[in-house]
Structure formats: C-alpha cells, structure tokens
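Tertiary structure, described
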Amino acid sequence: METKYFQPEAIEEAAQALKNGELVAFPTETVYGLGAIATNDAGVRQVYQAKGRPSDNPLIVHVADKDDVLPYVECIPEKVLTLMDTFWPGPLTIILPIKAGSLSPVVTGGLSTCAFRMPDKKITRQLIALTGPLVGPSANTSGKPSPTTAEHVYHDLHGKIAGILDGGETTVGVESTVIEIVDDQITILRPGAVTPMMLQEASDLPVEYDKHLIEESETPKAPGMKYKHYAPSVQVEIVYPDDFAKALEAHQNERVAVMASQELIDYYHIQTDYFILSQEHTSEEAATHLFAGLRALDDTEKYDVILAEGYEEEGLAVAYMNRLKKAANHNFFGK
Ligand code: TXA
Ligand code: MG
C-alpha cells in the first residue's frame, strides 16, 4: 500500500479514506495519532496490527467537541465539565465510565471505561468533524518513540497505512496527561503538560500520581504504562547538568552522543555529536524535542551511548523525565 501525505487542503480526501475503513495518521499538539473511526471495528483492529500493539491496551477516543462524548456516557459530572472547559482543546485525556455497549471492546480493551481527549489542533478537529470520533494511539511502531513529525510516522508505518495528514512538527512533544476521577479524587495515570497544580487549581479536587509513577514495583492503572517504551538500541544514560564533565570523562573511550541544551553544550565545549533539546535550559522545550532526539541518535553504527540531560522533576519536567527514564531503562550517571 502506498502511504500518502495529505496536505491540509486534502482534508476531505483524508476523511474519505477513514470512512472507507482505512488508517490515516493525524497531527495533534502532543504527538501524531494513528486514526481510525472509533465505531468501525475492522478499522480499529487494523490500528493494533499496524502498530504491533498488544490488544489489551485500550485506545483514546479523540473528539472535535465536548458534546461528541455524550453518546458514550450516562452523564458528564459537573467537575469533569469544569476540567473539559478549562483544558479542552488541549493535552488532557479524561477516563470516564461509559454506557454499556456504546463502544466496542476493541476500543476499550473490554473495560467499562474509555479515555477521551479533544486535541488542540484545528485541522484535526475539522477532520473529526467530518468523520466522527477517531481512535488515536501514538502513530509509532510499538516500542519506538512517539512521532512528533509526519516524517517520523512515515518512517515507522509507510506501506501499512493509507496516509498522514501533515500538520508539521507538534508543539508539546510528549503525550497527553491521562487522568481518572474517582470519589472526587483525581489520579494521574500518565504525566503530561497538564500538571497536578493546574488540575488542582481548576477543579479544587485533590490530585495524586498513580502509585506506579512513584514506586516502580506498583502495577500501573493505565495498561499502556506497563509496556517497555521508547528504549532505543543505543544505551541511554541520564546525566544531571552538574555531572556532565565527569560523565564525558567516564565515557571517553566510547562513541558518545549528547542530547542537551545549547547552553550546556557551549558551557562544556562538547565536541562529540550532539542533538540540541533546547536553547536555554527549559523542560518545555526539551520535552518538545525529546522524541526527535532519541530517533536521531539511535544509531548503533555510530554510537555506544547517548548522554541525555536530566531535569529536576517538577512541572512539565515530570513528563519529560518519565519518558526519558523509560528510554534509559532508569540508567542514571553516578547511580
Ligand atoms: O497525546 C496523546 O495522548 C496521544 C495523541 C495521539 O492524542 N495519544 C496517545 O495514545 O498517547 P496511546 O494509545 O499511545 O496512549 C494512551 C494511554 C495508554 O497508556 C493506555 O493504556 C491508556 O492511555 N488508556 C487508554 N484507555 C484507558 C482506560 N480506559 N483506562 C486506563 N488507561 C487507559
Ligand atoms: Mg503510545
């Protein structure tokens, strides 16, 4: 199958492919998603196949508007409406109990809940308005970094999907925050750009991280969080800025690539190959470029180790470090 790039002008053609039961990847503000119409079981099954995704890992249903959620739920509680009004469109995925039978088990993995999200990308909401809600796991091969450009999607999935709606590079760069709300308590199952403080301020509800995000021995509530993710073939080591000189020295007999801020690369006069994650030392910018960096440097012909800049875990840096720790298999320099 030939995989087409659909430019925004060709949105009708992309919608038609989806209506024919084919797969089309779409841009969002976080990462690209692999779209199929949520009510088309055959299409949704192909999503799992194309990605090589385990079938017990449920999908996010992407909507163009909050009202699109209504057919699938008994009601939207007031507190959830407040969260939707505050953060949608945006990088917040909300897990809600669904009406029995309203969505196929191929979407929900047989759970009595479903994850919903309204992406902050106008072209994609226009696409969803034409097709109806779309499932959208990240549009990478399972186990690869999530794609932040149309080219990343093409690299992983060409020949397996009908097309890619090209919306340029994504802005946030890490996947959405996933939450559930039980008994007036918000639990974050996956950290993202919407932080605990933002959720607490908007809802006045207590917010906690799912235990697995604090204790590695705990089982995650989001099935997808238990799988090994984003682990490149080249070994990744996390290095905090103050330790870079020592880490470079420790690896002097190896072929090293560095992933860090321009500031840090200048400060340490780094001579090896490098990928710039941010200009100044900001976790927002580092998160935007993290997956592109991991893809660019994952070359065992050239490198033995990637030294990647670590951040103190606060704000968006929690999401950045969550993804980086998985890529590094929790390998920190000096630990
Ligand atoms: O930013 C994003 O969320 C991107 C873009 C494309 O929207 N999508 C994305 O989808 O990251 P995916 O499938 O790669 O990750 C969805 C996560 C998985 O860890 C999955 O296990 C979890 O959400 N999830 C989905 N439905 C769930 C449910 N009903 N209960 C618990 N976890 C759920
Ligand atoms: Mg994913």
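Residues numbered from 1 in each chain as written. Chains lettered and ligands numbered in written order. Predicted model: local features only at pLDDT ≥ 70, side-chain atom pairs only at ≥ 80, totals over all residues. Heavy atoms only, no water.

Here's the deal with the sheet that holds strand E13 (residues 256-261)
Backbone-to-backbone hydrogen bonds pair the strands of a sheet. The strands run either parallel or antiparallel. How we decide: Strand pairing is defined by DSSP finding a minimum of two bridges between the two strands. Going along the chain from the N terminus, every DSSP run of H or I of four or more residues is numbered as a helix, and every run of E of two or more is numbered as a strand. To obtain an axis, a line is fitted to C-alpha atoms, over the contacting stretch when the element is a helix, and the angle between two such axes runs from 0 to 180 degrees between their N-to-C directions. Any pair of residues with heavy atoms lying within 4.5 Å of one another is described as a contacting pair.
The four strands are arranged E12-E15-E13-E14 in an open sheet whose pairing can be described as parallel. The sheet terminates laterally at strand E12 (235-239) and strand E14 (273-278), the two strands that pair on one side only. Averaged over all pairs of adjacent strands, the angle between strand axes in this sheet comes to 20°, irrespective of strand direction. In this structure, E13 lies alongside strand E15 (residues 305-309), joined through four bridges in parallel fashion. By the bridge assignment, Val-256 is partnered in E15 with Val-305. Against the sheet, helix H10 (residues 283-297) makes contact with E12, E13, E14 and E15, and its axis sits at roughly 155° relative to E14, the strand it touches most. Docked against the sheet, helix H11 (residues 317-327) engages E12, E14 and E15, running at close to 140° with respect to E12.

Section: the side chain of Thr-195
Mapped onto the elements, Thr-195 comes out in the loop between strand E10 (185-190) and helix H7 (196-203). Setting aside residues up to four positions removed in sequence, Thr-195 forms contacts with Gly-315 and Leu-316.

A few points about the packing of helix H1 (residues 11-19) against helix H5 (residues 122-131)
When two helices pack together, their arrangement is given by the angle between the helix axes and the distance between those axes. Note the cut-off: Roughly parallel here means an angle under 35 degrees, roughly antiparallel means over 145, roughly perpendicular means 65 to 115, and every remaining angle is called oblique. Handedness of a crossing follows from how the near helix is turned relative to the far one, being left-handed for an anticlockwise turn of less than a right angle and right-handed for a clockwise one. For this classification, Asp, Glu, Lys and Arg are treated as charged, while Ala, Val, Leu, Ile, Met, Phe, Trp, Tyr, Cys and Pro are nonpolar and the rest, including Gly, are polar.
The geometry of H1 relative to H5 is characterised by a closest axis approach of 9 Å and an angle of 45° between their N-to-C directions. Taken together, the axes of H1 and H5 are oblique relative to one another. Here H1 runs over H5; the crossing is right-handed. Every residue of H5 that contacts H1 at Ile-11, Ala-14, Ala-15, Leu-18 and Lys-19 is listed here: Ile-123, Gln-126, Leu-127, Leu-130 and Thr-131. Along the lines of polarity and charge, the residues of the contact of H1 with H5 split into seven nonpolar, two polar and one charged.

Regarding the site of ligand 1
Basically, it comes down to this: Any residue with at least one heavy atom within 4 Å of a molecule or strand is counted as near it. Nitrogen and oxygen atoms within 3.5 Å of one another constitute a polar contact, given that in protein one can donate a hydrogen and the other can accept it, and given that sequence-neighbouring residues count only through two side-chain atoms. In this description, accessible areas are obtained by the Shrake-Rupley approach with a 1.4 Å probe, and a residue is regarded as covered only by the protein chains that are shown.
By nearness alone, 27 residues border ligand 1, and Thr-30, Asn-57, His-62, Ser-176 and Gly-224 come closest of all. His-62 is positioned such that a nitrogen or oxygen atom in its side chain is 2.7 Å from an oxygen atom of ligand 1. Note that an oxygen atom of ligand 1 is positioned 2.9 Å from one of the side-chain N or O atoms of Arg-117. Burial of ligand 1 by the protein chains amounts to 96% of its free accessible area of 680 Å². Of all elements in the fold, only strand E4 (60-62), strand E6 (113-117) and E10 reach the threshold of two or more residues within the shell around ligand 1. Ranked by residue count, the leading element in the shell around ligand 1 is E6, at four residues. For the shell around ligand 1, a count of residues per class yields 13 nonpolar, nine polar and five charged.

Description of the side chain of His-251
Under the convention used in this document: Each residue's exposure class comes from its accessible area (1.4 Å probe, protein chains only) as a fraction of the maximum for that residue type: buried when under 20%, exposed when over 50%, partly exposed otherwise.
Within the fold, His-251 resides in the loop between helix H8 (244-250) and E13. Of the residues examined, His-251 reaches a relative accessible area of 10% and is grouped as buried. In this structure the side chain of His-251 is engaged in a polar contact, spanning 3.0 Å, whose partner is the side chain of Glu-237. A distance of 2.7 Å separates the side chain of His-251 from the side chain of Glu-254, its partner in a polar contact. If near-sequence neighbours (up to four positions away) are discounted, His-251 is found in contact with Glu-237, Val-256, Val-305 and Leu-307.

Brief notes about the pattern of salt bridges
Spelled out, the test is: What makes a salt bridge here is a side-chain nitrogen of Lys or Arg within 4 Å of a carboxyl oxygen of Asp or Glu, nothing more.
Applying the stated criterion across every chain yields a total of eleven salt bridges. Put simply, Asp-120 and Arg-125 hold a salt bridge, and the shortest N to O gap is 3.9 Å. You can call Asp-120 partly exposed: its relative accessible area is 42%. Notably, a salt bridge pairs Glu-313 with Lys-325, separated by 3.1 Å at the nearest N-O pair.

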